[in-house]
Amino acid sequence: MIGPASSFHGLGLASVAVSRLGRADTVRSVTAESELAGFIARFAPEMQRRIRGCRAKLEARFPDAVQMVYDNYNFLVIGFGPTRRASDAILSLAAHARGVNLCFLQRGPELPDPTSILRGSGKVVRTVALDSPDDLDRPDVGALIEVALRLATTPMDASDNGDLVIKSVSAKQRPRR
């Protein structure tokens, strides 16, 4: 345990801290990106590729979006929004052992769905199953994304940085493989 009188000296990724007992302990600083990589690594290899590919497509489309990560009991969720406020997130990827969903987080029931790909019956959110990252390039999915962006409370282009934030990690989780 590191006491209040301890000091940290920036030595790259590993730092040395001296505890109250006079021992030197190695303290590793973890970046949000490496922590997210660890969350994704818990999935089967095919799901890892799908999650990374879907995230890469959304990052390319929204390079200035704030990404908020929630590694909760049922899903690994990566929300995309203009701010760090969860309620401002417009889209998210929700990954579980058997698939990845694109979630429309604001006014989902109002989205026009002529091809009937939206799932869900709640008052706010609708989802689309993504069998591959290429599904994000489909015209019907693209049209839903465009309408969701127009309906958003805070526009995505209001973002001024492409930040990645780990918002929460559940101690207990369903198996990811």
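For the structure itself, consult the block above.
Residues numbered from 1 in each chain as written. Predicted model: local features only at pLDDT ≥ 70, side-chain atom pairs only at ≥ 80, totals over all residues. Heavy atoms only, no water.

Asker: Can you break down the pairing of strand E6 (residues 91-96) residue by residue, with the values?
Answerer: Within E6, six of the six residues are buried, which leaves the element mostly enclosed by the surrounding structure. Neither face of E6 is open: one carries Leu91, Leu93 and Ala95, the other Ser92, Ala94 and His96, and all of them are buried. Two elements, strand E5 (residues 76-81) and E6, share five bridges in a ladder whose sense is antiparallel. From the neighbouring strand, valine 77 faces E6, where its bridge partner is alanine 94. Pairing between E6 and strand E7 (residues 99-104): six bridges, direction antiparallel. Counted as the bridge partner of alanine 94 is asparagine 101 from E7. As consecutive antiparallel partners, E6 and E7 are separated by two residues. (Buried < 20%, exposed > 50% of the residue type's maximum accessible area, 1.4 Å probe, protein only. Helix = DSSP H or I, 4+ residues; strand = E, 2+ residues; numbered from the N terminus. Pairing = 2+ DSSP bridges.)

Asker: So what's going on with the pattern of salt bridges? Residues and values would help.
Answerer: Evaluated as defined, the whole model comprises twelve salt bridges. The shortest N-O distance in the salt bridge between glutamate 59 and arginine 55 comes to 3.1 Å. Highlighted residues: glutamate 59 and arginine 55, both in helix H2 (residues 45-61), separated by four residues, approximately one helical turn. A residue is classified by how much of its surface remains accessible, and glutamate 59, at 28% relative accessible area, is partly exposed. On the basis of relative accessible area, arginine 55 is assigned to the buried category, the value being 8%. Linked through salt bridges whose partners overlap, the residues forming this network are Glu33, Arg55 and Glu59. (Salt bridge = Lys/Arg side-chain N within 4 Å of Asp/Glu carboxyl O.)

Asker: Outline the sheet that holds strand E8 (residues 126-130), supporting the account with residue identities and numerical values.
Answerer: Read from one edge of the open sheet, six strands run E8-E7-E6-E5-E4-E9, paired in mixed fashion. Single-partner strands in this sheet number two, and they are E8 and strand E9 (164-169). Direction aside, the axes of adjacent strands within the sheet are offset by 20 degrees on average. (Axes fitted to C-alpha atoms, helices over the stretch in contact; angles between N-to-C directions.)

Asker: Explain the packing of helix H1 (residues 32-41) against H2 to me, and be specific about the residues and the numbers.
Answerer: In the contact formed by H1 and H2, the axes pass within 9 Å of each other and the chain directions differ by 140 degrees. Our classification of the angle between H1 and H2 gives oblique. Counted together, Glu33, Leu36, Ile40 and Ala41 of H1 and Gln48, Ile51, Arg52 and Arg55 of H2 form the full contact between these two elements. (Parallel < 35°, antiparallel > 145°, perpendicular 65-115°, else oblique. Contact = heavy atoms within 4.5 Å.)

Asker: Quick one: what's the story with the nonpolar core, residue by residue and with numbers?
Answerer: Within the largest apolar cluster, 37 residues are counted, with the highest numbers of intra-cluster contacts made by Leu102, Phe104 and Ile145. When residues of this core are traced back to their parent elements, those giving at least two are H1, H2, E5, E6, E7, E8 and helix H3 (139-151). Per-element tally for this core: the top contributor is H3, with seven residues. Aside from chain neighbours lying at most four places away, what touches isoleucine 145 is Arg61, Phe62, Leu91, Leu102, Phe104 and Leu136. (Core = buried A, V, L, I, M, F, W, Y, C linked by side-chain atoms within 4.5 Å.)

Asker: Explain H1 to me, using residue names and the numbers behind them.
Answerer: Turning to H1, its buried residues number three or more, namely Leu36, Phe39 and Ile40. For H1, the angular spread of buried residues about the axis comes to 95 degrees, placing them on one side. If you follow the buried residues of H1, they end up packed against H2, strand E4 (66-71), E5 and E9. (Arc of directions from axis to C-beta.)

Asker: Give me unusual backbone geometry: which residues, what numbers.
Answerer: The residue arginine 107 is not glycine, and still its phi comes out positive at about 55 degrees. With respect to the element layout, arginine 107 can be found in the loop between E7 and E8. The exposure class assigned to arginine 107 is partly exposed, which follows from its relative accessible area of 36%. The phi angle at serine 116 is positive, at roughly 55 degrees, despite the residue not being glycine. Here serine 116 lies in the loop between E7 and E8.

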